[in-house]
Amino acid sequence: MWGQISKIADRLDANFGDDGSGRDDQSSQISASAEPSERSDTIPSHGEVEDDDGWGEDDDFGEDFDFDEEEEVLCSGIGRKTSETENPSLSEIEPAVSGASTPATETAYQPKETTKLEQQDDIEPQKAHVPPPPPPPPPLPPSLKIPPPPPPPPPPLPQTPDASNMGTIITVSAPGKALVAGGYLVLEQPNPGLVLAASGCRFHTSITFRPPHTSQVSTVIGASINAAWSSIPLDIYSPQFDKVFSYYLSYSMNGDQNVPESVLELQPRKAPHEPNKFVERSLLLSLGYLRQSLGPKAFHERLHPMNSNGGRVALAIKLRADNDFYSQIAALKDRGLDLTPSNLAALEPFLPCPKDATGKLVVNKTGMGSSAALVTSLVGALLTFFGAISISEPTDDGVKQQEGLRLAHNLAQISHCYAQGKVGSGFDVSAAVYGSHVYTRFSKTIIHPFLESLSSANEGEALQLTGTLSRDLVRLVDDSDRAWDCTVHPVALPPGLELLMADVCGGSESPSMARKILDWKRSKRRTGFMDDYYWKDLKRVNAKIARLLTTTFKEQTFLDGLERDGPVILSTRTAEQWKKPMPSSWHEFEGSSWDVALKLLDLRMSILEARQNLKGMGNAASVPVEPDEQSLLANETMKLPGVVAAGVPGAGGYDALFVVYVEGPRTNDGSSDHVRDSICSLWKRISEENSATTVCPLSVRASGIDSGLRASDV
């Protein structure tokens, strides 16, 4: 008997490691045991009754979940209390923790079929009434001694979560961004754009298996589209938007790669259904790519965990966004808190979007690129869950990780363009994958023909991929002929420089603004005394900004001088004072505080020149690229000590402002500094003096290199 118990203990040690916790802390994998399964789409699980959308019956989601930073954002709901909505915790999407009891009336699924012997070995030994061990036998003669058993194998090393373990939860996150140079010009090759990824502003996608979502109010309308196909329920949980989207994923098990007929389809499972193009189209392309690249059989095996009682499970995906993606001005005011980064950072994570008096969601975005971060994290999570890429544990040379990022980038770019209905520049998706960098766009012709064919094949409510489109998609994503010609040069603000973003109450519609600017450029190319007057100047100055960040600010003398004199000298003086000789603890000019200040002034003047050209171009095209209100706010901010430059990011408009500044002495237990505090105080005073303007500093900072798509433990 003791030999049997020892065998069981060895098996448990091999499965769960030495600590007995059942969890590997160095992995993004969260191990869990079986979750109660659901027998019908019409019977609520666990005896609970949910309404037709899974969270609340008065919600109006619609296009508010568009997540497109280019959508018009209206300043509404300020000062109104946030509606209390049901916000399921992560545990609601997770399978039950290993060892938790399962109700007798419910069934639990197993990740694989086991033999009788395996099932017997997996039974946990009973701790009660264990008989004492028998007395040891008399020692054997030396010639008959049995050799000692080999030592138990060491615990498994941390690794990328294995998608074949159907009890795991995989979470992948992608950052938001701020385009500080290259607005509008980045739409055309080979113009560069300087994009900084945001630390503390990430979109998280978690994937696992759990019983299908049920509702007593909604009507089940989906069914397997083709009886000969395989299908699985698919549920998308969005607690911040008080929604659950339910679908059926159906796919052919045939391996034909070049057929005009559909081989994979995604259709709503419940009515009423409110479509979300960024979610649905990313799902269609990601799952279509996985089926084609893995093969139908391997795709099916990874998608269908076995259930001991034949019950059905759903592929469950949970979407969560850090608070800085959406305006939290109302949440802070409702709590009686000042609009400061520290108060914003102290709010509960993943706050639900507020609702107005009619129950409609109020979505005020901050311009941090939520749609690109959503799509990228969703694509990356699906590829990781199915084992198609590895992004959390790079190999010694990093080749495997970089290959995974490349595939995720290509598929996310295609998905985002398909959701937007146009081929954009792609800088926001690139930042979500690679973090902060200098970017030049890919040629539109790489994916435009595929998107046209895809759009013509999907005109109804159900989305589908044909065998031909699936084959073309894999060829585009894998890019064996290296047709993708975008460039990525990693960059980071040097230590001692920091980024501060502002959520400004207002709104702008980037798609129409971009269209108007490009229409103006095509129809009125002659402005002033030369062709493309603003465009040419912006090309030159944007290239200079990129060169300063990638070359000048990497020189060791500059880095040493900024570290030495930045907090005590540069942060206490205004830019006007930087122009004059100042004290320095360094005995040579190169690397002195004045040398560092002059190089910072070079960046300041370049950003100012870019602002002047963008504002002039906007005025010529009747587009508020930098409205007068934003000009006033940026100019007042640039008068403060330690501030290098301020401006409107990306396509401009009313909703955001960026500031690059020299960090001052630390304050607030190290979470802030004197310069950051003075900027926030100025914005608070402006908001109090002008009731039409509310400026709320975000808690984000600039991320460094390698801050893009990654596995997450959230």
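Shown above is the structure to which this text applies.
Residues numbered from 1 in each chain as written. Predicted model: local features only at pLDDT ≥ 70, side-chain atom pairs only at ≥ 80, totals over all residues. Heavy atoms only, no water.

A word on the overall build of the protein chain. Looking only at helices and strands, the protein chain features 18 helices and 21 strands. Here the protein chain, with 714 residues, has 55% of them falling under the buried criterion. Considering only residue pairs separated by 6 or more positions, the protein chain has 79% of its internal contacts joining residues 24 or more positions apart. Total accessible area computed for the protein chain in this model is approximately 31200 Å², and 53% of it derives from carbon and sulfur atoms. (Helix = DSSP H or I, 4+ residues; strand = E, 2+ residues; numbered from the N terminus. Buried < 20%, exposed > 50% of the residue type's maximum accessible area, 1.4 Å probe, protein only. Contact = heavy atoms within 4.5 Å. Areas by Shrake-Rupley, 256 points an atom, 1.4 Å probe, with all protein chains shown as cover.)

Turning our eyes to something else, we now look at the packing of helix α3 (residues 277-294) against helix α7 (residues 370-385). The geometry of α3 relative to α7 is characterised by a closest axis approach of 10 Å and an angle of 30° between their N-to-C directions. Here α7 runs roughly parallel to α3, going by the angle between their axes. The interaxial crossing formed by α3 with α7 has right-handed handedness. In this structure, α3 uses Phe278, Val279, Ser282, Leu283, Ser286, Leu287, Tyr289 and Leu290 to contact α7, whose residues at the interface are Ser371, Leu374, Val375, Leu378, Val379, Leu382 and Leu383. Here the residues of the contact of α3 with α7 are counted per class, giving twelve nonpolar, three polar and no charged. (Axes fitted to C-alpha atoms, helices over the stretch in contact; angles between N-to-C directions. Parallel < 35°, antiparallel > 145°, perpendicular 65-115°, else oblique. Left-handed = near helix turned anticlockwise from the far one by under 90°. Nonpolar A, V, L, I, M, F, W, Y, C, P; charged D, E, K, R; others polar.)

Here we take up the sheet that holds strand β15 (residues 643-647). Pairing in this open sheet of four strands is antiparallel, and the strands run β15-β16-β12-β19 from one edge to the other. What marks the edges here is a single partner per strand, and that holds for β15 and β19 (695-697). Taking the axes of each pair of neighbouring strands and ignoring which way they run, one obtains an average angle of 25° across the sheet. Note: strand β12 (residues 497-504) against β19, three bridges, orientation antiparallel. Residue pairing across strands places Val504 opposite Val695, the latter belonging to β19. The strands that helix α18 (residues 674-689) touches are β12, β15, β16 (656-662) and β19; relative to β12, the one it contacts most, it runs at about 15°. (Pairing = 2+ DSSP bridges.)

Next up on the list: the state of the cysteines. This model, assessed by the stated rule, comprises zero disulfides. With no disulfide partner, Cys696 has as its closest neighbouring cysteine sulfur the one in Cys680, 8.7 Å distant. (Disulfide = S-S within 2.5 Å.)

Inspection of every chain in the model, using the stated rule, returns 24 salt bridges. Here Glu663 ties to Arg701 by a salt bridge, and the two come within 3.8 Å at their closest N and O atoms. Residue Glu663 is located in the loop between β16 and β17 (666-667), and its partner Arg701 is located in strand β20 (residues 701-702); the two are separated by 38 residues in the primary sequence. Under the relative-accessibility criterion, Glu663 is labelled buried at 17%. One network of salt bridges, in which partners are shared, links Glu498, Glu663, Arg666 and Arg701. (Salt bridge = Lys/Arg side-chain N within 4 Å of Asp/Glu carboxyl O.)

Turning our attention to the packing of aromatic side chains. As enumerated under the stated definition, the model contains eleven aromatic pairs in all. Relative to Tyr534, the ring of Trp520 has its centre 6.4 Å away and its plane inclined at 45°; by these criteria the two rings are tilted. Taken together, the residues Trp520 in helix α12 (residues 510-523) and Tyr534 in helix α13 (residues 533-550) connect sequence positions 14 residues apart. Tyr534 shares its class with Trp520; the two are buried. Between the aromatic rings of Phe589 and Trp594, the centroid separation amounts to 6.0 Å while the plane-to-plane angle is 85°, which identifies the pairing as edge-to-face. (Phe/Tyr/Trp six-rings, centres within 6.5 Å; stacked < 30°, edge-to-face > 60°.)

Among the structural elements, Asp322 can be located in the loop between β8 (314-321) and α5 (329-334). Here Asp322 is buried and forms no salt bridge, its nearest opposite-charge partner Arg202 lying at an N-O distance of 6.1 Å. Residue contacts for Asp322: discarding those within four places in its chain leaves Gly200, Cys201, Arg202, His204 and Phe350. (Lys, Arg positive; Asp, Glu negative; His and termini not counted.)

The next thing to look at is helix α11 (residues 467-478). For α11, spanning twelve residues, the distance from its first C-alpha to its last is 17 Å, which sits close to the expected 16 Å at 1.5 Å a residue. For α11, the complete set of buried residues consists of Gly467, Leu469, Ser470, Asp472, Leu473, Val474, Leu476 and Val477. Phi turns positive one or two residues past the end of α11, at Asp479, with a value near 55°. (Expected span 1.5 Å × (residues − 1).)

What follows is about the pairing of β16. The element β16 is extensively covered by neighbouring structure, given that seven of its seven residues are classed as buried. Here β12 pairs with β16 via seven bridges, running antiparallel. In the strand pairing of β16, Leu497 is matched with Val662. Taken together, the four bridges between β15 and β16 define a ladder with antiparallel strand orientation. Bridge pairing in β16 places Val643 opposite Tyr661.

The next point concerns the environment of Pro494. In this structure, Pro494 sits in the loop between β11 (487-490) and β12. Once residues within four sequence positions are removed from consideration, Pro494 is found in contact with Leu549, Phe553, Phe558, Leu559 and Leu562.

A separate point is unusual backbone geometry. Residue Pro190 is bonded to the preceding Gln189 through a cis peptide linkage, with omega at -5°. Relative to the assigned elements, Pro190 resides in the loop between β1 (170-181) and β2 (193-210). Cis geometry is adopted by the peptide bond preceding Pro272, which originates at Ala271 and carries an omega value of 0°. As for its position among the elements, Pro272 is in the loop between β7 (270-271) and α3. With a phi angle near 55°, Asp479 is a residue other than glycine that sits in the positive phi range. The residue Asp479 is located in the loop between α11 and β11 in this model. Unusually for a residue other than glycine, Arg482 sits at a positive phi of about 55°. By the element assignment, Arg482 lies in the loop between α11 and β11. For Arg482, a relative accessible area of 52% gives the class exposed.

As a further point, take the environment of Leu598. Mapped onto the secondary structure, Leu598 falls in helix α16 (residues 593-620). In this structure, the C-alpha to C-alpha distance between Leu598 and Lys579, residues 19 residues apart in sequence, is 6.9 Å. Setting aside anything within four residues of it in sequence, one finds Leu598 in contact with Trp578 and Phe589.

Moving on, we get to helix α17 (residues 628-638). Within the span of α17, buried status applies to Gln630, Ser631, Leu633, Ala634, Thr637 and Met638. All buried residues of α17 project into a common sector of 165° when viewed along the axis, lining one side. For α17, exposure combined with an orientation more than 90 degrees from the buried face picks out Asp628 and Leu632. Check the buried side of α17 and you find it contacts β12, α16, β15, β16, α18 and β19. (Arc of directions from axis to C-beta.)

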